Amino acid sequence: MGQRVAMKLLVYGAGVTGSQLAARMHEAGHDASLLARGERLAALRRHGVRFAEEDSPTVRQVPVPVVEHPAGGYDLVAVCVRTHQVDAVLESLVGVEGDVLFLLNWAAGPQPLGAVIGHERVLLGFPTDGGTMDDDVVRYRAANFLTRRVAMPIGEPDGRTTPRLERIVRALRTAGINAKAEPRMDAWLRTHAAFSEPLGQAAHAAGGPVALADDRDAVRSMLRLMRQNLAALATPPVPRGFAALRTLPEGLLVALLRRFLRSPTAVQSGLSDTSPATAAELQRLAEQIRAGTRTR
């Protein structure tokens, strides 16, 4: 076996996803730094990244290096911000060397990303680690049999399996992250947006996933929007299992969705975040979905 080479990584965004990614890569021996701003930057400089499992009183600290601006070149920049924050991030990465992996909600395709930073630098992906922010503590959900089997998809915009993609997947796996190469990453992201945007809008309007679960009519309306979005996709859903949202009986799906909304997976996720930032992200994602439908 060859010697493992540490990756120089900048994680851009210090929320739930970015904090977990930077800490895990740092603990695995990679040269990882975490970019943050404002109060979050100050908290990270004081305490490092702080973690707790769901409602546990035990808080663990990981001393990840933090920066306020990109500095120098990187093997990889992982962008872990909200959809509506991407434009500002792109501008700040124009002069920074390194491939850029976008790990976020995105339904606009790779073109607007590459148009700013260079198409050859763009990789697409989606984070699978869930959790919520409790002041400056990341509260992550406990792993179970199902969540361990859910892989973090990462792919080239054109679907190829390239040496850099294989290298990134290997590096993430050294940190215990179940990453995999996804050849249809753009279609995956558009499918996920078709499902997650109505889900997020409904949970935000209701005041959280449990409150949404208590409103059967709201869940039914949400499901119908999901079905409209999936029907408008230019390609078949990815993964194919999402096609079940269009074919299974409405009553069965409403019951399954209500059960999911009451689960720890839903409660310990961004669905419980009813902040203005969540509303802004969902609005931007809805605009991307509509624009994609118009260009079919």
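Cut-off values and rules
- Residues numbered from 1 in each chain as written.
- Predicted model: local features only at pLDDT ≥ 70, side-chain atom pairs only at ≥ 80, totals over all residues.
- Heavy atoms only, no water.
- Helix = DSSP H or I, 4+ residues; strand = E, 2+ residues; numbered from the N terminus.
- Rg over C-alpha atoms; globule rule 2.2 N^0.38 Å.
- Buried < 20%, exposed > 50% of the residue type's maximum accessible area, 1.4 Å probe, protein only.
- Contact = heavy atoms within 4.5 Å.
- Lys, Arg positive; Asp, Glu negative; His and termini not counted.
- Charge placed at Lys NZ, Arg CZ, Asp CG, Glu CD.
- Expected span 1.5 Å × (residues − 1).
- Phe/Tyr/Trp six-rings, centres within 6.5 Å; stacked < 30°, edge-to-face > 60°.
- Salt bridge = Lys/Arg side-chain N within 4 Å of Asp/Glu carboxyl O.

Chemist: Tell me about the overall build of the protein, and name the residues and values.
Modeler: Regarding its fold elements, the protein presents 13 helices and 12 strands. Its C-alpha atoms give the protein a radius of gyration of 19 Å, within 12% of the compact-globule value 19 Å for 296 residues. Projected onto the principal axes, the alpha-carbon positions of the protein cover approximately 55 × 45 × 40 Å. Per-residue burial for the protein yields a buried fraction of 48% across its 296 residues. When contacts within the protein are restricted to residue pairs at least 6 apart in sequence, those whose partners lie at least 24 apart make up 68%. If you average the places of the 36 positive and of the 30 negative side-chain charges in the protein, the two averages end up 6 Å apart.

Chemist: Give me helix α1 (residues 16-27): which residues, what numbers.
Modeler: An α-helix turns once per 3.6 residues; consequently, residues spaced three or four apart project the same way. Its 12 residues give α1 an end-to-end C-alpha distance of 17 Å, which sits within 8% of 16 Å, the value for a rise of 1.5 Å per residue. Those residues of α1 that sit buried are Val16, Gly18, Ser19, Gln20, Leu21, Ala22, Ala23 and Met25. Just downstream of α1, glycine 29 is the residue with a positive phi angle, here 100°.

Chemist: Account for the packing of aromatic side chains, naming residues and giving values.
Modeler: To describe a pair of aromatic rings, you give the distance between the ring centres and the angle between the ring planes. Going through the model one piece at a time under the given rule, you end up with three aromatic pairs. Ring centres of phenylalanine 51 and tyrosine 140 lie 6.3 Å apart, and the angle between their planes is 70°; this geometry places the pair in the edge-to-face category. Linking phenylalanine 51 in strand β3 (residues 49-53) with tyrosine 140 in strand β10 (residues 137-140), this pair joins segments that are 89 residues apart in sequence. Taking the relative accessible area as the measure of exposure, phenylalanine 51 reaches 5% and is therefore buried. Using a relative accessible area of 26% as the deciding quantity, one classes tyrosine 140 as partly exposed. Aromatic pair phenylalanine 126 and tryptophan 188: ring centres 5.3 Å apart, planes at 40°, arrangement tilted. You can see phenylalanine 126 sitting in the loop between β8 (122-125) and β9 (131-134) and its partner tryptophan 188 sitting in helix α7 (residues 185-206), a full 62 residues away along the chain.

Chemist: Explain the pattern of salt bridges to me, using residue names and the numbers behind them.
Modeler: The tally for this structure, following the rule as stated, stands at 16 salt bridges. Across the pair aspartate 99 and arginine 164 runs a salt bridge whose closest N-O atoms are separated by 2.8 Å. Separated by 65 residues along the polypeptide, aspartate 99 in strand β7 (residues 99-103) and arginine 164 in helix α6 (residues 163-174) bring together distant segments of the chain. Exposure remark for aspartate 99: the relative accessible area of 18% places this residue in the buried category. According to the relative accessible area criterion, arginine 164 is buried, its value standing at 14%. Across the pair arginine 160 and aspartate 158 runs a salt bridge, and its minimum N-O distance is 2.6 Å. A single salt-bridge network, built from bridges that share partners, covers Asp217, Arg220, Arg224 and Glu250.

Chemist: Tell me about the environment of valine 238, and name the residues and values.
Modeler: By the secondary structure assignment, valine 238 is in the loop between α9 (216-231) and α10 (244-247). Separated by 49 residues in the primary sequence, valine 238 and leucine 189 place their C-alpha atoms 8.2 Å from one another. Discounting chain neighbours no more than four positions away, the residues touching valine 238 are Glu182, Arg184, Ala187, Trp188 and Thr191.

Without other data, these values stay purely geometric and don't point to any function.
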